[in-house]
Amino acid sequence: MNNEMPKLSVLEDEAVTAYDGVAGDNYKNDSVMYSVIKQTVIPRYREFSDKLASLKPATMEVAAMNNEYVKAANDQLEGFKLVCLAIEKQDPEIVKQANGDIDKARNLLALWKDDLKEQCKKHGVVFAEPTAK
């Protein structure tokens, strides 16, 4: 956890920060959003997701938690891709679906992080929270 996750979280943070910079209140136009998602968000998040999936945790319990994280990360990656499709097709229904998928994935990720903190506490592990944002 303290060796691999901080490195991976930098990729995740870069992707999510880039997305947040063009979504919601920071939205400027479709062209900017599409460009940032295609050129930064998806490649960084895909790299994060692939590296996360390649981890080989030592225990079944940690492997199960990692699998949950991989699923949530893949769901969020698919949501980012769906945003691009929505922009390409100019389809507001796809936008709604993409936003719902991203929100659902973010909720799953938040639950995973809560579970991680609980497991660390249970096993006396001090998890080094990443400082890069």
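Just so it is clear, the model here is predicted, and its values are computed rather than measured.

> Any chance you could explain the nonpolar core here in plain terms?
Generally speaking, nonpolar side chains in soluble globular proteins are found buried as a group. Counting 36 residues, the largest nonpolar core has Tyr19, Ile37, Tyr45 and Leu52 as its most contacted members. Those elements giving two or more residues to this core turn out to be helix H1 (5-20), helix H2 (30-54), helix H3 (60-89) and helix H4 (92-123). With twelve residues, the single largest contributor to this core is H3. Those residues in contact with Tyr45, other than ones at most four positions away along the chain, are Glu12, Ala15, Val16, Ala73, Gln76, Leu77, Phe80 and Leu109.

> I would appreciate a short explanation of the packing of aromatic side chains in the present structure.
Between two aromatic rings, the relevant description is the distance of the centres plus the angle of the planes. Under the definition given, this model contains five aromatic pairs. Centre to centre, the rings of Phe48 and Tyr69 are 5.8 Å apart; their planes meet at 65°, and the pair counts as edge-to-face. Taken together, the positions of Phe48 in helix H2 and Tyr69 in helix H3 put the pair 21 residues apart, joining distant regions of the chain. Members of the aromatic cluster, connected to one another through ring pairs, are Tyr19, Tyr45, Phe48, Tyr69, Phe80 and Trp112.

> I would appreciate a short explanation of the side chain of Gln119 in the present structure.
In this structure, Gln119 sits in helix H4. Those residues in contact with Gln119 that lie beyond four places of it in its chain are Glu61 and Met65.

> Explain the packing of H1 against H2 to me, please; I cannot follow it from the model alone.
A pair of packed helices can be characterised by two numbers: the angle between their axes and the separation between those axes. Viewed as axis vectors pointing N to C, H1 and H2 meet at an angle of 160°, and their least axial separation amounts to 8 Å. With respect to their mutual orientation, H1 and H2 come out roughly antiparallel. As H1 packs across H2, the resulting crossing turns out to be left-handed. Contacts between H1 and H2 involve Met5, Leu8, Leu11, Glu12, Glu14, Ala15, Val16, Ala18 and Tyr19 on the former and, on the latter, Met33, Val36, Ile37, Thr40, Val41, Arg44, Tyr45, Glu47, Phe48, Lys51 and Leu52. Residue composition of the contact of H1 with H2, grouped by class: 14 nonpolar, one polar and five charged.

Reading the values: the criteria
In this convention, every chain numbers its residues from 1, walking through the sequence in written order. Where local features are concerned, this predicted model is filtered to residues with pLDDT of at least 70; where side-chain atom pairs are given and counted, the filter is 80 or more; whole-chain, interface and lining totals use all residues. To get the side-chain values, all heavy atoms of the structure are used, and hydrogens and water are removed first. For our purposes a nonpolar core is just a set of buried Ala, Val, Leu, Ile, Met, Phe, Trp, Tyr and Cys residues, chained together by side-chain atoms within 4.5 Å. For the exposure calls, accessible area comes from a 1.4 Å probe over protein chains only, and a residue counts as buried if that area is under 20% of its type's maximum, exposed if over 50%, partly exposed in between. Counting from the N terminus, the helices are DSSP H or I runs at least four residues long and the strands are E runs at least two residues long. Contact definition: two residues touch when any of their heavy atoms are within 4.5 Å. Side-chain rings of Phe, Tyr and Trp (the six-membered ring for Trp) are treated as a pair once their centres are within 6.5 Å; stacked means planes under 30 degrees apart, edge-to-face means over 60, and tilted covers the remaining angles. What counts as an axis is a line fitted to C-alpha atoms, over the stretch in contact for a helix, and the angles between N-to-C directions run from 0 to 180 degrees. Each angle is binned into one of four classes, with values under 35 degrees roughly parallel, values over 145 roughly antiparallel, values of 65 to 115 roughly perpendicular, and all other values oblique. Rotating anticlockwise by less than a right angle from the far helix to the near helix defines a left-handed crossing, while the corresponding clockwise rotation defines a right-handed one. Residue polarity follows a fixed list, in which Ala, Val, Leu, Ile, Met, Phe, Trp, Tyr, Cys and Pro are nonpolar, Asp, Glu, Lys and Arg are charged, and the others, Gly among them, are polar.

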